[in-house]
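Coordinate inspection notes
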Amino acid sequence: MKTVHNYLNFPVNKMTFLQLLTLSLIFTFSCSTGDTEKETLPTGLSLNVTIVGASVDSPNGDGSGLVNVKAFANNATRYAFRFDNGALVESQDGSARHSFTREGTHEYSIEAIAYSDSGDSVNEKLDIVVYKSDKQAEENPVPEPDPEPDPEPDTDPGEVQLVFSDEFEYEGRPDVSKWYHQTIPIIGENWANGELQHYTDRAENSYVSDGTLKIKAIKELYTAHGSTKMYTSARMNSKFVFKYGRLEVRAKLPSKAGTWPAIWTLGANIDEIGNYFGDQYGSVGWPDCGEIDIMEQRGGDKTKTIAYFHWGDTNTGQYNSTGGEIDIANASGEFHVYALEWDENKMRVTLDGELVYELSNTADKPYDNLHYLLLNIAMGGNLGGEIPDDFTEDIFEID
């Protein structure tokens, strides 16, 4: 298990400043414990909530169900939000966008949490009323993935349609409308599989330049979430879900021993801490959500890549896994295409068009649900293995 919370950050069209209604509350906190603790707590937490499309005539919004939130506190180094008792949405800069999906006019709670460098936190809740129409407002369409294939497609079934892509033809941070950085450890202070890094959303660990995305693993002492680790990296998740089709990633892999790069998917119904989609598509544990490893590479063998499947039997719940590996030449010096072909009958993982592993998609496997894409480098752990003392940094490059 290598086993993303934010909500879809879709652009809002034809919106003017006059169409926004802003709710703002400022909360001031005092600490009843000792002076040392008092110094570490964030203070003066403020929470600003904007209901998209709200006006005097429509105070609960335009029917899109969208809200924008912004929090600020003195001494805060990161923030998190909880929308209507859902999973935590982490935010480095204190801003987030959320889409309420229940139709009609309903009251929801929004909780803001501000963290200091030491991991201490303060929080407060605000109740708001938001309107969600049963039909998307024409001026503010918010695309949502259809969990079921269209029974009557408008195009030839044999035609390939591009539904999500990032060519990285820009500079700077990865496109926030497409990518989410997962940074909250899922097992206390740690990630699964004995990984040794902190994942961050810093530009040092993930950035776009010269037409490619770079995910960089760095040897450095870094403290977050109450623990200090010797390595940092990035774990990026698509803000797009899909069921069936072809997914391909063209990439150069890190070359240093101890690095564990991965291109993989998880069921969007996973109940994992920090999961981007929360319980929007359900809430099951791993491996019941299903995992597809399109590419993994051991830290001690850079001449092969691995394709693997992990799942829980839909009848018995029993854990199952299977997969294979393939030789690869110059994985770090040349781009190679790692691909998944997935339909209701089978899943095929290929490397440069050559089959790595094929698995039948039968009813006892949970591969009829929506998945999202993950890209990351882990350090050490089950597949990363021993990290050499002279390791300094390495890059996973995606074209």
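Residues numbered from 1 in each chain as written. Predicted model: local features only at pLDDT ≥ 70, side-chain atom pairs only at ≥ 80, totals over all residues. Heavy atoms only, no water.

What the protein contains, in helices and strands, is two helices and 24 strands. Relative to its full complement of 399 residues, the protein shows a buried share of 50%. Here the protein has roughly 18,100 Å² of accessible surface; of this, 48% comes from carbon and sulfur atoms. (Helix = DSSP H or I, 4+ residues; strand = E, 2+ residues; numbered from the N terminus. Buried < 20%, exposed > 50% of the residue type's maximum accessible area, 1.4 Å probe, protein only. Areas by Shrake-Rupley, 256 points an atom, 1.4 Å probe, with all protein chains shown as cover.)

Turning our attention to the environment of N320. By the element assignment, N320 lies in strand β19 (residues 319-327). The partly exposed category is assigned to N320, whose relative accessible area is 23%. Along the chain, N320 and P287 lie 33 residues apart, while their C-alpha atoms are 8.4 Å from each other. Residues contacting N320, with those up to four places away along its chain left out, are F309, H310, W311 and D313. At 3.0 Å, the side chain of N320 forms a polar contact with the backbone oxygen of Q318. (Contact = heavy atoms within 4.5 Å. Polar contact = N/O pair within 3.5 Å; in protein donor to acceptor, adjacent residues only side chain to side chain.)

Right, let's talk about the sheet that holds strand β14 (residues 235-238) for a bit. Sheet architecture is open: seven strands sit in the order β9-β14-β23-β16-β17-β18-β19, paired in antiparallel fashion. Of all strands in the sheet, those bounded by a partner on one side alone are β9 (179-181) and β19. Across the sheet, the mean angle separating the axes of adjacent strands is 20° when strand polarity is ignored. (Pairing = 2+ DSSP bridges. Axes fitted to C-alpha atoms, helices over the stretch in contact; angles between N-to-C directions.)

Glancing now at the pattern of salt bridges. Following the criterion strictly, the structure yields 15 salt bridges and no others. Here R235 and E272 are joined by a salt bridge, their closest N and O atoms 3.4 Å apart. Taken together, the residues span a long stretch of sequence, with R235 in strand β14 and E272 in the loop between β16 (259-267) and β17 (291-296) at a distance of 37 residues. For the pair R235 and E272, a shared accessibility class is recorded, and that class is buried. With its nearest N and O atoms 3.1 Å apart, the salt bridge here joins R348 to E358. One end of the pair, R348, is in strand β21 (residues 346-351); the other, E358, is in strand β22 (residues 354-360), with 10 residues separating them in the sequence. Ionic contacts of the salt-bridge type, sharing partners, join the residues R246, E248, E341, R348 and E358 into one network. (Salt bridge = Lys/Arg side-chain N within 4 Å of Asp/Glu carboxyl O.)

One broad trend across soluble globular proteins is that nonpolar side chains are buried collectively. I215, I263, Y338, L375, F396 and I398 are the most contacted members of the largest nonpolar core, which has 41 residues in total. With four residues, strand β23 (residues 371-379) is the largest single contributor of residues to this core. Residues L47, A71, V89 and A96 belong to the second largest nonpolar core, which totals 24 residues. (Core = buried A, V, L, I, M, F, W, Y, C linked by side-chain atoms within 4.5 Å.)

Okay, the confidence of the model for the protein next. Mean pLDDT over the protein stands at 85; residues scoring 70 or higher make up 84%. Between residues 3-38, whose pLDDT stays under 50, and residues either more than four places distant or in other chains, the model counts 119 contacts. When the criterion is pLDDT under 50, residues 136-155 qualifies, and its contacts beyond four places in sequence or with other chains add up to 31 contacts. (pLDDT = per-residue confidence, 0-100.)

Before going further, it helps to spend a moment on the packing of aromatic side chains. On inspection of all chains with the given rule, the structure shows 19 aromatic pairs. Ring geometry for F100 against Y108: centres 4.0 Å apart, planes inclined by 15°, an arrangement best described as stacked. Here W286 and Y319 contribute two aromatic rings whose centre-to-centre distance is 5.6 Å and whose plane-to-plane angle is 40°, an arrangement assigned as tilted. One end of the pair, W286, is in the loop between β16 and β17; the other, Y319, is in strand β19, and 33 residues separate them in sequence. (Phe/Tyr/Trp six-rings, centres within 6.5 Å; stacked < 30°, edge-to-face > 60°.)

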